[in-house]
Amino acid sequence: MKPRAFVPRCRLGRAHVESDTKPAAIAAPFWKPARNASIGLRTDMTFKNHLRKARLFQAIVTLALAAGAFPAFAADDGTTNAPAGTLADLSVEQLMNESVTSVARRETKFEDSAAAISVITQDDIRRLGITTIPDALRLVPGLDVAQINSHEWAVSVRGFNGEFANKLLVLVDGRSIYSTGFGGVVWGMEDVPLEDVDRIEVIRGPGASLWGANAVNGVINIITKSAKDTQGVLISVTGGTFDQPTTTVRYGTRLATNLFCRVYAKVSNRDGLETAGGQAAPDRTFTAQGGTRLDWEPSDEDKVTLQGDFFRDRFVENQDYASLSPPYVQSFNQVSDDSGGNVLGRWTHDFSDSSSLAIQTYYDRFKEEQAGASETADTFDFDAQHRFMLGNRNDITWGLGYRGVAADFTSSPFVMWSQTTEHDELYSSFVQDEISLLPDRLKLTLGSKFEDNSLSGLEVEPTVRLLWTPTARQSVWAAISRAVRTPDWTDLHADVNVQVLPPTPALPLPVLLSALGNPKLDTEELTAYELGYRVELTKHLSLDAAAFYDDYGNLIAPIGTSTQIETGASPPYVSVTSPQENAGPAHTYGLEISARWDATDYWHLTANYSWLDTQLGFYSPDTQPGPRQQAQLRSSLDLPCRLELNGDVSFVDQVAAPYGMGQMNIPSYVRLDLGLVWHATRNLELGVWGENLAQARHVEYTSYTSTLVTEIPRGVFGRITIRF
Amino acid sequence: MCHPAHPLPARRRGPAALRWLAWALWGCCFFAGLTPGLAQDPVAKEYQIKAAYLYNFAKFVEWPAPAFTNNESPLVIGVFGPNPFGDELIAIAKDHKINGRSIVIKHVATLAEARGVHLMFFGDTEDGHIAGTLAALKENGVLTVGESEKFIASGGMISFVLEENRVRFEINAAAAERQGMKISAQLLKLAKTVRNEPRQLPP
């Protein structure tokens, strides 16, 4: 739900009703905002889009045929290993992450990719005592991560952040956690035990050709460890000013040769944020999550995984309901309950060294409450991918997928759905050809995803990427890609009552400001031009840079208003409505740099810097540019006596965030986190961390459903981890 | 969504620039095909990684003083039995030193040849006689590294383990310490498991 209104700002006084219960009855009835005259079909725009798509597709196919079908003359067989002796320059940690498979097989090292990829490892997560997934994402340059309260976060890549940032695809072990109903990721619902996360892979930029629509600005894949790697007992207890406490218990065992399983349970209590005056903020979250994972290798060529989780959470947050009677707003502490579960199965089969098949299917059900409204959704997804070599130069991957979503929505005084049942079917296919033009030197990737979506019809998302490796220690890559974002159910069907302006002597009627859904919206489009450079300056210093220019079209935002006087209603009021529209274009461009320096065998430093500029072709208080600059320096130092001293200092530039009817300026801030970890014995690890040490408290973002702004204060927490 | 009333126009050719690009790429491929292939390194990636590990193990282990004649004497890495490393170890030895000492690679076929070796690698094919060979080497102050499943149980000190397509390692620290060798805590921390007593093989 996105409260929108295009009115000059003013502040209302309000009565603060402190109660933790769901409101028994709201004084005013539900009002239906007056729907305006037709928005108008953009028929010629749609037609031009189809023509552009057809031409682009044609061009791609021509290129593919020209480059790919040509037989190779060279005598090599396309496999590549590092030149003799060079692996000795890697540290032991790096050797532990080296894959034994060569290029011709399934895995490619991410340094060989023509994309801006970052990997957050389990070691990064452990050293900094990270307790939530969004906190882990702060380590990636170009990611805009802002905490709203103990349950909500605003996370986006390369701009357009918000509580329901919608241009990012987030997966947990291949299962999408992006909600097409509300249009965003509810981070509070995914309480994966971070000890079981093997790594988080973040691709910045359009990943649409492999991952499909909504992977507009990035793909985040949270990959958990195989059951084989989580054997034995793990007990972890975290407590402090934010976590009060959080306990994780996990048990892994070997059931038979090549059959491993684990079971876990995690209970979290998050609290501790403050208001501007230093008072405790009313928000808090309680989450219980449990699950299991089974990994089976029936043969050398097959791997089967079965996993499932279920969760319940309850969170309290401040909520404002607009009201047509004085005092025109009701503010209270809303209690919301979420619950859900999922089951996922995956099978990978290696036909040979250069050919493999992967099939995955999952079922996901969740019920999510927000601002008194709710969404109950059932998702069924099926995906198959086949990878093989065609000749010596073409590494081809293609796949088919189906996803069905059935969802029901209930309304509240804050948001009303003009349609309360959603049935959505998505058929998709993709193909990608990685062509070794010059083995080990030049690689061209052509790919495209094709989707047929019941909401928006056929979408084609092609990409062309080139990777040039002039020397063993440098690579340059460039890419042009197209991605789309299909409108979410919220964009199409949600009518949000944002605020009521009280009567004035000039206008003696209350004014209701609302944002309306628009079922005739077109998809948003992006054409992205990217350039990247990776270099190993010395054995111990490496640099990774990516620059981009994003050309957006048809961005969805409410920009116009229309006014109507509802004389028939009791009490009569003025209705000002602002429908969602394909508001217009935008351009963003920016740069992300990451550098790693292994100062000694015991001391490693990583520095990130990102710069972003946004030019909007329209104005909407809801669409705000992201922070212009962000920077981070983190250090991990291994000390004698099995101690570690880890820390990071970050700078985030100021942003404007939606607030009430307009926007609020959030000043820039500096975060300082420091932690000390002691590996007391082989089985016991103790850690203590201080968070946000630089300031007493700071704001990162605002909430859409309340004008109460929560701030993140200085905090300290400790963790005990026992393994045996 | 409504469809427009006017029909699609007759098939048009793609923009000229893209066609030119397509032919240029075709040309690239043709000429690329004529270039000589890169020198092929036939050593499997797995053994490139293991060779790099052997170098790193030597960096993180302290041998007792009698193991070296003087400060200049080289560190000898031995491969017992067939050599799976190809030229990897020799390439590493050429470019690197350990604590100021140069590295010498020695291929060993019999126990007699094992004298003076500081780190000995045993390939998977030597499984049958491992226990006996390791017992014989016990007095020599040799860091033994292997890759077979029963290597540590047979008395070995470090064993490679393949996990999810990645090479990891297990350490039997006690066995190394009994020979006067000290393994750095850094390395112990990264080991998959650290055993302090060798498992007893059933008789």
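No experiment lies behind these values; they were computed from the predicted model shown.

### A closer look at the overall build of chain B
Here comes step 1: Helix and strand counts for chain B stand at six helices and ten strands.
Here comes step 2: In chain B, which comprises 203 residues, the proportion classed as buried is 34%.

### Quick notes on the overall build of chain A
Here comes step 1: Within chain A, the regular secondary structure consists of six helices and 40 strands.
Here comes step 2: Going through the 724 residues of chain A one by one, you find that 48% of them count as buried.

### Looking at the packing of helix H2 (residues 45-59) of chain B against helix H3 (residues 88-95) of chain B
All names here are of chain B.
Here comes step 1: Across the interface, H2 lies against H3 with an axial gap of 9 Å and an inter-helix angle of 40 degrees. Judged on the interaxial angle alone, H3 and H2 are oblique. Helix-helix and strand crossings are classified by hand; for H2 and H3 the assignment is right-handed. Along its contact with H2, which presents Tyr47, Gln48, Ala51, Leu54 and Tyr55, the element H3 presents Glu88, Leu89 and Ile92.
Here comes step 2: Taken together, the residues that form the contact of H2 with H3 break down as six nonpolar, one polar and one charged.

### Some thoughts on the sheet that holds strand S9 (residues 197-204) of chain A
All names here are of chain A.
Here comes step 1: Here five strands make up an open sheet; going across it, the order is S2-S9-S10-S5-S6 and the pairing mixed. With partners counted over all chains shown, the strands left at the sheet margins are strand S2 (116-121) and strand S6 (175-176), one partner each.
Here comes step 2: Relative to strand S10 (residues 218-224), strand S5 (residues 169-172) runs parallel, the two sharing four bridges. Across the sheet, the residue bridging to valine 170 is isoleucine 220, located in S10.

### With respect to H2 of chain B
Here comes step 1: If you check H2 of chain B, its first and last C-alpha atoms are 21 Å apart, about what 15 residues at 1.5 Å a residue would give, namely 21 Å.
Here comes step 2: Counting buried residues along H2 of chain B, 14 of its 15 residues qualify, which places the element largely inside the surrounding structure.

### Here's the deal with the nonpolar core
Here comes step 1: Within the largest apolar cluster, 73 residues are counted, with the highest numbers of intra-cluster contacts made by Ala136, Leu137, Val155 and Ile220 of chain A.
Here comes step 2: Ignoring anything within four residues of it in the chain, the contact list for valine 155 of chain A reads Pro134, Leu137, Leu143, Asp144, Val145, Ala165, Leu168 and Trp187 of chain A.

### Comments concerning the environment of tyrosine 701 of chain A
Here comes step 1: Residue placement: tyrosine 701 of chain A occurs in the loop between strand S38 (697-698) and strand S39 (712-713).
Here comes step 2: In contact with tyrosine 701 of chain A, other than residues within four places in its own chain, are Ala146, Ile148, Ala154, Ala657 and Ile666 of chain A.

### So, the environment of lysine 225 of chain A
Residues and elements named next belong to chain A.
Here comes step 1: When you line up the elements, lysine 225 lands in the loop between S10 and strand S11 (232-240).
Here comes step 2: Lysine 225 sits in the partly exposed class, given 18 other C-beta atoms within 10 Å.
Here comes step 3: Other than its neighbours up to four places away in sequence, lysine 225 contacts Asp196, Asp198 and Thr230.

### Overview of the sheet that holds strand S7 (residues 158-163) of chain B
All names here are of chain B.
Here comes step 1: The mixed open sheet is built from eight strands, whose spatial order is S3-S4-S2-S5-S6-S7-S8-S10. The two strands at the open ends of the sheet, each matched to only one other strand, are strand S3 (97-98) and strand S10 (194-195).
Here comes step 2: With two bridges joining them, strand S6 (residues 143-146) and S7 adopt parallel strand pairing. Pairing of glycine 146 across the sheet is with serine 159, part of S7.
Here comes step 3: Each of strand S2 (75-80), S3, strand S5 (119-122), S6, S7 and strand S8 (166-172) is contacted by H2, which is oriented at about 35 degrees to S8, the strand it contacts most.

### With respect to unusual backbone geometry
The general pattern is negative phi for most residues beyond glycine and trans for most peptide bonds.
Residues and elements named next belong to chain A.
Here comes step 1: With an omega dihedral of 0 degrees, the bond running from proline 326 to proline 327 counts as a cis peptide bond.
Here comes step 2: As for its placement among the helices and strands, proline 327 is situated in the loop between strand S15 (302-322) and strand S16 (329-352).
Here comes step 3: Not every positive phi belongs to a glycine, and asparagine 692 is a case in point at roughly 55 degrees.
Here comes step 4: When you line up the elements, asparagine 692 lands in the loop between strand S37 (684-691) and S38.
Here comes step 5: Classification of asparagine 692 by C-beta neighbours within 10 Å gives buried; the count is 21.

### Notes on the confidence of the model for chain A
Residues and elements named next belong to chain A.
Here comes step 1: In the predicted model, chain A carries a mean pLDDT of 82, and the fraction of residues at 70 or more is 85%.
Here comes step 2: In this model, residues 56-80 is a region of pLDDT below 50 whose contacts with residues beyond four sequence positions or in other chains number 62 contacts.
Here comes step 3: Across residues 102-108, confidence stays below pLDDT 50; counting only partners more than four residues off in sequence or on other chains, it has 21 contacts.

### Some thoughts on the pairing of S5 of chain B
Every other side chain in a regular strand lies on the same face of the sheet, so the side chains alternate between the two faces.
Residues and elements named next belong to chain B.
Here comes step 1: Residue alternation in S5 divides its side chains into two sets, Leu119 and Phe121 and Met120 and Phe122, and both sets are buried.
Here comes step 2: Pairing of S5 with S6 involves four bridges; the strand directions are parallel. Of the residues in S6, the one forming a bridge with phenylalanine 122 is glycine 146.

### Re the pairing of strand S4 (residues 153-157) of chain A
Here comes step 1: For S4 of chain A, the tally of buried residues reaches five of five residues, placing the bulk of the element in the interior.
Here comes step 2: By the alternation rule, side chains of S4 of chain A split into Trp153, Val155 and Val157 of chain A and Ala154 and Ser156 of chain A, which are all buried.

### What to know about the environment of valine 155 of chain A
Here comes step 1: Structurally, the position occupied by valine 155 of chain A is in strand S4.
Here comes step 2: A residue is classified by how many C-beta atoms lie within 10 Å of it, and valine 155 of chain A, with 25 of them, is buried.

### Re helix H4 (residues 130-137) of chain B
Residue and element names in this part refer to chain B.
Here comes step 1: For H4, the set of buried residues is Ile130, Thr133, Leu134 and Leu137. The buried residues of H4 occupy an angular sector of 95 degrees when the element is viewed end-on, so they sit on one face. Of the exposed residues in H4, those oriented more than 90 degrees away from the buried face are Gly132, Ala135 and Ala136.
Here comes step 2: Contact partners of the buried residues in H4: S5 and S6.

Conventions adopted
- Residues numbered from 1 in each chain as written.
- Chains lettered and ligands numbered in written order.
- Predicted model: local features only at pLDDT ≥ 70, side-chain atom pairs only at ≥ 80, totals over all residues.
- Helix = DSSP H or I, 4+ residues; strand = E, 2+ residues; numbered from the N terminus.
- Buried ≥ 20, exposed ≤ 12 C-beta atoms within 10 Å, placed from the backbone.
- Axes fitted to C-alpha atoms, helices over the stretch in contact; angles between N-to-C directions.
- Parallel < 35°, antiparallel > 145°, perpendicular 65-115°, else oblique.
- Left-handed = near helix turned anticlockwise from the far one by under 90°.
- Contact = placed C-beta atoms within 7 Å.
- Nonpolar A, V, L, I, M, F, W, Y, C, P; charged D, E, K, R; others polar.
- Pairing = 2+ DSSP bridges.
- Expected span 1.5 Å × (residues − 1).
- Core = buried A, V, L, I, M, F, W, Y, C linked by C-beta atoms within 7 Å.
- pLDDT = per-residue confidence, 0-100.
- Arc of directions from axis to C-beta.

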